[in-house]
Amino acid sequence: MGQNSNTRQRPLLILRLLMENSDEAYPVTMDDILTMLEKEGIPASRKAVYRDIDSLNECGYDIVTLKGARFGYYM
């Protein structure tokens, strides 16, 4: 697969990770997201993941960002 295909798949993989592995008690961290993407063969920068999460929120997915001592994301 080319770079464009990887870029298109990235938000969907992030969404799947959040849906399957996160909740209010167990948020996923940025490192968790980057590790999962790497395992799928899709390297990504933190900035790219931030943009993807913002895009998913704009599309109506309720992705909550925790800040502070328990920084992470959950649905």
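Anything mentioned here points back to the structure above.
Residues numbered from 1 in each chain as written. Predicted model: local features only at pLDDT ≥ 70, side-chain atom pairs only at ≥ 80, totals over all residues. Heavy atoms only, no water.

Any chance you could explain the nonpolar core here in plain terms?
What tends to happen in soluble globular proteins is that the nonpolar side chains get buried as a cluster. Membership of the largest hydrophobic core comes to 17 residues, with the highest contact counts inside it found for Ile-14, Ile-33, Leu-37, Val-49, Ile-53 and Tyr-73. Taken together, the elements giving at least two residues each to this core come down to helix 1 (3-21), helix 2 (30-39) and helix 3 (46-58). Setting aside its immediate chain neighbours within four residues, Leu-37 contacts Arg-10, Leu-13, Ile-14, Ile-42, Ala-44 and Val-49. (Core = buried A, V, L, I, M, F, W, Y, C linked by side-chain atoms within 4.5 Å. Buried < 20%, exposed > 50% of the residue type's maximum accessible area, 1.4 Å probe, protein only. Helix = DSSP H or I, 4+ residues; strand = E, 2+ residues; numbered from the N terminus. Contact = heavy atoms within 4.5 Å.)

What exactly am I supposed to notice about a nonpolar patch on the surface here?
Residues Met-19, Tyr-61 and Met-75 make up a contiguous nonpolar surface patch of roughly 280 Å² in combined accessible area. As for its position among the elements, Met-19 is in helix 1. A relative accessible area of 54% means that Met-19 is categorised as exposed. (Patch = residues over 30% accessible without salt bridge, like charges linked within 9 Å, V, L, I, M, F, W, Y side chains within 5 Å. Areas by Shrake-Rupley, 256 points an atom, 1.4 Å probe, with all protein chains shown as cover. Salt bridge = Lys/Arg side-chain N within 4 Å of Asp/Glu carboxyl O.)

Is there a simple way to think about the packing of aromatic side chains in this case?
Think of a pair of aromatic rings as described by two things: how far the centres are apart, and how the planes are tilted against each other in angle. Per the stated rule, a full pass over the model turns up one aromatic pair. Consider the rings of Phe-71 and Tyr-73, whose centres lie 5.7 Å apart with planes at 80°: the pair is edge-to-face. (Phe/Tyr/Trp six-rings, centres within 6.5 Å; stacked < 30°, edge-to-face > 60°.)

Could you clarify how one ought to interpret the pattern of salt bridges in this entry?
Here the idea is simple: oppositely charged side chains can pair when their charged atoms come close. Considering all chains together, one arrives at three salt bridges under this definition. Of the charged contacts, one joins Asp-52 and Arg-10 as a salt bridge, the two residues approaching to 2.4 Å between their closest N and O atoms. Residue Asp-52 is found in helix 3, and its partner Arg-10 is found in helix 1; the two are separated by 42 residues along the sequence.

For this particular structure, what's the right way to read the side chain of Ser-22?
Tracing the sequence through the fold places Ser-22 in the loop between helix 1 and helix 2. A polar contact is formed between the side chain of Ser-22 and the backbone oxygen of Leu-18, at a distance of 2.5 Å. Only 3.3 Å separates the side chain of Ser-22 from the backbone nitrogen of Met-75, close enough to count as a polar contact. If we skip the residues at most four places from it in the chain, Ser-22 touches Leu-17, Pro-27, Val-28, Tyr-73, Tyr-74 and Met-75. (Polar contact = N/O pair within 3.5 Å; in protein donor to acceptor, adjacent residues only side chain to side chain.)

What is the right way to look at the side chain of Asp-52 in this model?
Its relative accessible area of 8% is what places Asp-52 among the buried residues. Excluding residues within four positions of it along the chain, Asp-52 makes contact with Arg-10, Pro-11 and Ile-14.

Looking at this model, I keep getting lost on helix 3. Mind explaining?
Note: α-helices contain 3.6 residues per turn, so residues at a spacing of three or four share the same orientation. Across its 13 residues, helix 3 extends 18 Å between first and last C-alpha, which sits within 8% of the 18 Å expected from 1.5 Å per residue. Considered for burial, the residues of helix 3 that qualify are Ala-48, Val-49, Asp-52, Ile-53 and Leu-56. Mapping the buried residues of helix 3 onto a view down its axis gives an arc of 135°, with all of them on the same face. With respect to the buried face of helix 3, the exposed residues turned more than 90 degrees away are Lys-47, Arg-51 and Glu-58. Just past helix 3, the residue Gly-60 takes up positive phi, approximately 105°. (Expected span 1.5 Å × (residues − 1). Arc of directions from axis to C-beta.)

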